[in-house]
2 protein chains.
Amino acid sequence: MAALDQLIDALRKLPGVGPKSAQRMAYHLLQHDRLGAQQLAAGLTEALARIQTCTRCHSFAEAPVCAVCSDGTRDPALLAVVETPADQAVLERSGSYRGYYFVLGGRVSPIEGRGPKDIGAEALLHRATDGLVREVILATSFTAEGEATAYLLGEALKAQGLKVSRLARGVPVGSELEFVDLGTLAHALADRR
Amino acid sequence: MAALDQLIDALRKLPGVGPKSAQRMAYHLLQHDRLGAQQLAAGLTEALARIQTCTRCHSFAEAPVCAVCSDGTRDPALLAVVETPADQAVLERSGSYRGYYFVLGGRVSPIEGRGPKDIGAEALLHRATDGLVREVILATSFTAEGEATAYLLGEALKAQGLKVSRLARGVPVGSELEFVDLGTLAHALADRR
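Residues numbered from 1 in each chain as written. Chains lettered and ligands numbered in written order. Predicted model: local features only at pLDDT ≥ 70, side-chain atom pairs only at ≥ 80, totals over all residues. Heavy atoms only, no water.

Peer 1: Would you mind going over the relation of the copies chain A and chain B in detail, with residue names and values included?
Peer 2: Note: a rotation about an axis with an accompanying shift along it relates these two copies of the chain. With an RMSD of 0.1 Å, the fit of chain A onto chain B corresponds to turning through 180 degrees and sliding 0.0 Å along the axis. Here the copies are linked by what is in effect a two-fold axis. By C-alpha distance to the rotation axis, the residue of chain A lying nearest is A41(A), at 2.2 Å. A high fraction, 98%, of the interface residues of chain A reappear at the interface in chain B, so the copies pair face to face through one surface. (Least-squares fit on C-alpha atoms with pLDDT ≥ 70 in both. Contact = heavy atoms within 4.5 Å.)

Peer 1: Give a description of the interface of chain A and chain B that names residues and reports values.
Peer 2: Facing 47 residues of chain A, the contacting portion of chain B comprises 46 residues. Summed over both partners, the interface of chain A with chain B buries about 4300 Å², with 72% contributed by carbon and sulfur atoms. Inspection of the region where chain A meets chain B yields 0 salt bridges. Taken together, chain A and chain B are joined by 10 residue pairs in polar contact (both at pLDDT 80 or more). Mapped onto the side of chain A that touches chain B, the elements with two or more residues apiece are α1 (2-11), α2 (19-32), α3 (34-50), β2 (60-61) and α4 (85-94) of chain A. For the side of chain A that touches chain B, the element with the most residues is α3(A), which contributes 13 residues. Split by residue class, the side of chain A that touches chain B holds 28 nonpolar, 11 polar and 8 charged. (Buried area = accessible area lost by both parts, 1.4 Å probe. Salt bridge = Lys/Arg side-chain N within 4 Å of Asp/Glu carboxyl O. Polar contact = N/O pair within 3.5 Å; in protein donor to acceptor, adjacent residues only side chain to side chain. Helix = DSSP H or I, 4+ residues; strand = E, 2+ residues; numbered from the N terminus. Nonpolar A, V, L, I, M, F, W, Y, C, P; charged D, E, K, R; others polar.)

Listed below in structure tokens is the structure:
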């Protein structure tokens, strides 16, 4: 059935959804939750129409400039650099950061041929040298690619006379020492306070 | 962001998708696959508009009567009863059945207060007594509820003078005996041939 197969194909665009799950989802929606399917179609269309990229921080925004960048009560001396809007959302939910953000277009990856240019390094340098930013917090992932990204951007930012920092590495809150990996433990020891 | 939150809520309508996955999916679609999001919205809308229930077998259909029921080359003496359109699709893909189908509205469940009436037993009796059907194959699941469904429907169908059968229970093809559960083994022994 053409319409059913097309729906199953489209559901496979979702991350983590293979052919079996896509089929289960399609059957479920059509048989048991047509209202849910309608809401999902509407939610997608609405989000695509309304959510754009903030011209200032490159995160998601429903206006040319996002709500965070438009918030005049934040500290203009602090700029946190993250890989994705999702990372920004996590930092924001932590409730312990009151500066502004800059969202990269991912992280550098020699394997996938993605260099600093491809993730928006120039736009970051432009944003960070507005005369107000004093410290750039490189909040990229603690993976090889995230570290490489932080290193490359950090060098460029330091060359502009900016203070550059990185999130602290250490033992996650609530975790038992026994189950913490050795690399993390080594960092937590070295950075003890 | 209202549009983002609504999209995340809508994605949670998908079976097996919790809050974390829904968020990941929303961010992924908006950041990396806007075309995929568009295709998914279109696929949903299209499927909802085009896929209805076949008036004859109650499976999915893009016309009042589905392609299988309209296929005059099948054996009208055989009617397979399944719980869902997905079950019908699996039987059909096996390539070893050439009769017609009847799709129930699920299976009886005393706990959820679903009796034979709620799954379309009357429509099945009506369909099975068209004068052409000779044998009804009860292809409901081999779970407690599926077995109960098969038992109740089987009694009603036998009362109409119809031959009633059930799919064979046994060791799945390709499986090692060591890992087959004991109930299945017991059935495979009893039904040996």
